[in-house]
Amino acid sequence: MDNQKINEYIRQLEFELEPLPKKDRDHHIMEVKDHLLQSVNDGKSVEQALKSFLPANELAKEIKAEFQHLYSAPSTENRHPIKQKNSKKIWITVMALIGIIIFSIFIAIIVFMGNSSDKPIETNGVVDYKVL
């Protein structure tokens, strides 16, 4: 088996993928190398296995484009207007619920404080009745 051609292909691909983070680059390199070696183990010649792949520089361009697409954050300018409206509705709903909860707590405190003055006064057992 002529692994030298496969190793050259992998080295070129690794060079072309240099801008990617090491973890992602290593993942793609291992995947391509595994596919190439598996093709050879399945009976293909090294040349046939390499021909089943794009040239290293073209494959690297596709991988980098996919990486760019997956990891680029969409700008708010490109967001769909419906999504913007939905997030605004959610924000308004959350704020309304928080307002209702705070208002309910405020009312409960007022009611509690109003009822606290209805407590009987300590009289040491003597009750004074007034006749009308």
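As the structure is a computational prediction, the values presented were derived from the model and not from experiment. (Residues numbered from 1 in each chain as written. Predicted model: local features only at pLDDT ≥ 70, side-chain atom pairs only at ≥ 80, totals over all residues. Heavy atoms only, no water.)

Caption draft 1: Expanded view of the overall build of the protein. Helices and strands together make up the secondary structure of the protein, namely five helices and zero strands. When its helices and strands are written in sequence order, the protein yields α-α-α-α-α. Buried residues in the protein amount to 16% of all 132 residues. Total accessible area on the protein stands at roughly 11,300 Å², and carbon and sulfur atoms take up 61% of it. (Helix = DSSP H or I, 4+ residues; strand = E, 2+ residues; numbered from the N terminus. Buried < 20%, exposed > 50% of the residue type's maximum accessible area, 1.4 Å probe, protein only. Areas by Shrake-Rupley, 256 points an atom, 1.4 Å probe, with all protein chains shown as cover.)

Caption draft 2: Spatial organisation of helix α2 (residues 22-41). The terminal C-alpha atoms of α2 lie 28 Å apart, and with 20 residues this matches the ideal 28 Å at 1.5 Å per residue to within 8%. Listed as buried for α2 are Arg-25, His-28, Ile-29, Val-32, Leu-36, Ser-39 and Val-40. Buried residues in α2, looked at end-on, bunch into an arc of 105°, giving them a common side. Facing away from the buried side of α2, by more than 90 degrees, are the exposed residues Lys-23 and Asn-41. Phi for Gly-43, located one or two positions after α2, is positive at around 110°. (Expected span 1.5 Å × (residues − 1). Arc of directions from axis to C-beta.)

Caption draft 3: Molecular detail of the side chain of His-28. Note that His-28 resides in helix α2. Given the relative accessible area of 17%, His-28 is considered buried. If we ignore the near neighbours within four places in the chain, the residues touching His-28 are Leu-17, Leu-20 and Ile-63. (Contact = heavy atoms within 4.5 Å.)

Caption draft 4: Quick peek at the packing of helix α1 (residues 3-16) against α2. The N-to-C vectors of α1 and α2 enclose an angle of 160°; their axes lie 10 Å apart at closest approach. Classified by the angle their axes make, α1 and α2 are roughly antiparallel. Pair α1 / α2 crosses with right-handed handedness. Across the interface between the two elements, Asn-3, Ile-6, Asn-7, Tyr-9, Ile-10, Leu-13 and Glu-14 from α1 touch Arg-25, Asp-26, Ile-29, Val-32, Lys-33, Leu-36, Leu-37 and Val-40 from α2. (Axes fitted to C-alpha atoms, helices over the stretch in contact; angles between N-to-C directions. Parallel < 35°, antiparallel > 145°, perpendicular 65-115°, else oblique. Left-handed = near helix turned anticlockwise from the far one by under 90°.)

Caption draft 5: Highlighting the environment of Leu-13. One can find Leu-13 in helix α1. With 45 residues separating them in the primary sequence, Leu-13 and Glu-58 have C-alpha atoms 9.1 Å apart.

Caption draft 6: How the structure looks around the nonpolar core. Residues Tyr-9, Ile-10, Leu-13, Leu-17, Val-32 and Leu-36 are the most contacted members of the largest nonpolar core, which totals 18 residues. Broken down by element, the residue count for this core peaks at five residues, all from helix α4 (residues 56-71). Sequence-distant contacts of Val-32, defined by excluding residues within four places in its chain, comprise Tyr-9, Ile-10, Leu-13, Phe-53 and Leu-59. (Core = buried A, V, L, I, M, F, W, Y, C linked by side-chain atoms within 4.5 Å.)

Caption draft 7: Fine view of the confidence of the model for the protein. Chain-level statistics for the protein give a pLDDT mean of 80 and a share of 72% at 70 or above. Helix α5 (residues 81-116) is the least confidently modelled element of the protein, averaging 80 in pLDDT, while α1 averages 91, the highest of any element. (pLDDT = per-residue confidence, 0-100.)

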